[in-house]
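In case you want the letters, here they are:
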Amino acid sequence: MNITSPCVVTLTWVLSDAQGQLIDELTDPVEFFYGGEDLLPKVEEALLGQHEGFEAHLHLEPEHAFGDYNPELVCFEERALFPEQIEAGMQVEGLPEGAQSADMPQGLIYTITEVYPTHVVLDANHPLAGMALRIALKVVDVREATEDEQSAGSVSETPLSLMRGAPPDASLH
């Protein structure tokens, strides 16, 4: 079966930065919905019309991956607004109640990048924003998408965290 929208592709990959430093390696095959939100558009473009066994080595500039880093998406909030047990790398949806950064978008996932006695640094950029990426991928399988997958636009209720962001120390899958 050739890859066309909508279908499900099973992939393995090695993801690195532009200098070849490993970011993530997906050695166990994982299914992705092709034609939805599971994959980056440039990855989908490379996969279109391909089939099981296809391999590609892609170079993605930031604008084709997770965008440029935006310093305006970083803010500082009072430490007292957060629970005791927080640490760098944790993520929160939106800013906490009582936040003073009124100009920050509320619907984003914020990564806690630093915790100080008086304040916490929050960053709504994707952890890979501003980075050029290299991805070596292999198509392990291709199948038709189920009606439920087509309705959801994904093979699961929660798309791959690579698309949404992950703590810097965490695996991206």
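Residues numbered from 1 in each chain as written. Predicted model: local features only at pLDDT ≥ 70, side-chain atom pairs only at ≥ 80, totals over all residues. Heavy atoms only, no water.

1. Some points on the pattern of salt bridges
Side chains that differ in charge, positive against negative, can pair when their charged atoms come close.
Logical step 1: Applying the stated criterion across every chain, the model contains three salt bridges.
Logical step 2: A salt bridge links R143 to E31; the nearest nitrogen and oxygen atoms lie 3.0 Å apart. Here R143 is found in strand 8 (residues 133-144), whereas its partner E31 is found in strand 2 (residues 22-34), with 112 residues between them in sequence.
Logical step 3: Classification of E31 by relative accessible area gives partly exposed; the value is 33%.
Logical step 4: The shortest N-O distance in the salt bridge between R143 and E149 comes to 2.7 Å.
Logical step 5: Bridged by salt links that share partners, the residues E31, R143 and E149 form one connected network. (Salt bridge = Lys/Arg side-chain N within 4 Å of Asp/Glu carboxyl O. Helix = DSSP H or I, 4+ residues; strand = E, 2+ residues; numbered from the N terminus. Buried < 20%, exposed > 50% of the residue type's maximum accessible area, 1.4 Å probe, protein only.)

2. Considerations on the sheet that holds strand 7 (residues 119-123)
Logical step 1: The antiparallel open sheet is built from four strands, whose spatial order is 4-7-6-5. Single-partner strands in this sheet number two, and they are strand 4 (74-78) and strand 5 (91-93). With strand direction ignored, the average angle separating the axes of adjacent strands in the sheet is 35 degrees.
Logical step 2: Judged from the three bridges that link them, strand 5 and strand 6 (residues 109-115) form a sheet pairing that is antiparallel. For V92, the partnering residue across the bridge sits in strand 6 and is Y110. (Pairing = 2+ DSSP bridges. Axes fitted to C-alpha atoms, helices over the stretch in contact; angles between N-to-C directions.)

3. What about the nonpolar core?
Logical step 1: Membership of the largest hydrophobic core comes to 25 residues, with the highest contact counts inside it found for V9 and L47.
Logical step 2: The residues contacting L47, other than those within four sequence positions of it, are I3, V9, L11, Y34, L39, F54, L137 and V139.
Logical step 3: Counting residues in hydrophobic clusters, the runner-up holds 11 residues, among them L73, C75, L95 and V120. (Core = buried A, V, L, I, M, F, W, Y, C linked by side-chain atoms within 4.5 Å. Contact = heavy atoms within 4.5 Å.)

4. What to know about the packing of aromatic side chains
Logical step 1: Here the structure, examined in full by the defined rule, presents one aromatic pair.
Logical step 2: Ring geometry for W13 against F32: centres 5.4 Å apart, planes inclined by 25 degrees, an arrangement best described as stacked. With W13 in strand 1 (residues 7-17) and F32 in strand 2, the pair connects residues that are 19 residues apart, well separated along the chain.
Logical step 3: Assessed through its relative accessible area of 1%, F32 is described here as buried. (Phe/Tyr/Trp six-rings, centres within 6.5 Å; stacked < 30°, edge-to-face > 60°.)

5. What to know about the sheet that holds strand 3 (residues 55-60)
Logical step 1: Sheet architecture is open: four strands sit in the order 2-1-8-3, paired in antiparallel fashion. The open sheet terminates on both sides in strands that have one partner only, identified here as strand 2 and strand 3. Each strand axis lies, on average, 25 degrees off the axis of its neighbour in the sheet, ignoring direction.
Logical step 2: Here nine bridges tie strand 1 to strand 2, and the two strands are oriented antiparallel to one another. From the neighbouring strand, T10 faces strand 2, where its bridge partner is E31.

6. Examining the confidence of the model for the chain
Logical step 1: Per-residue pLDDT for the chain averages 89, and the proportion of residues at 70 or more is 90%.
Logical step 2: Below a pLDDT of 50 lies the segment residues 158-173, which in the model reaches 44 contacts outside its immediate sequence neighbourhood of four places, other chains included. (pLDDT = per-residue confidence, 0-100.)

7. Remarks on the pairing of strand 7
Logical step 1: Burial analysis of strand 7 places four of its five residues in the buried class, the great majority of the element.
Logical step 2: Where strand 4 lies against strand 7, five bridges are found, and the strand directions are antiparallel. When the sheet's bridge partners are listed, V74 is paired in strand 7 with D123.
Logical step 3: Alignment of strand 6 against strand 7, held across four bridges, turns out to be antiparallel. If you follow E114 over to strand 7, its bridge partner there is V121.
Logical step 4: Two successive antiparallel strands, strand 6 and strand 7, enclose a turn made up of three residues.

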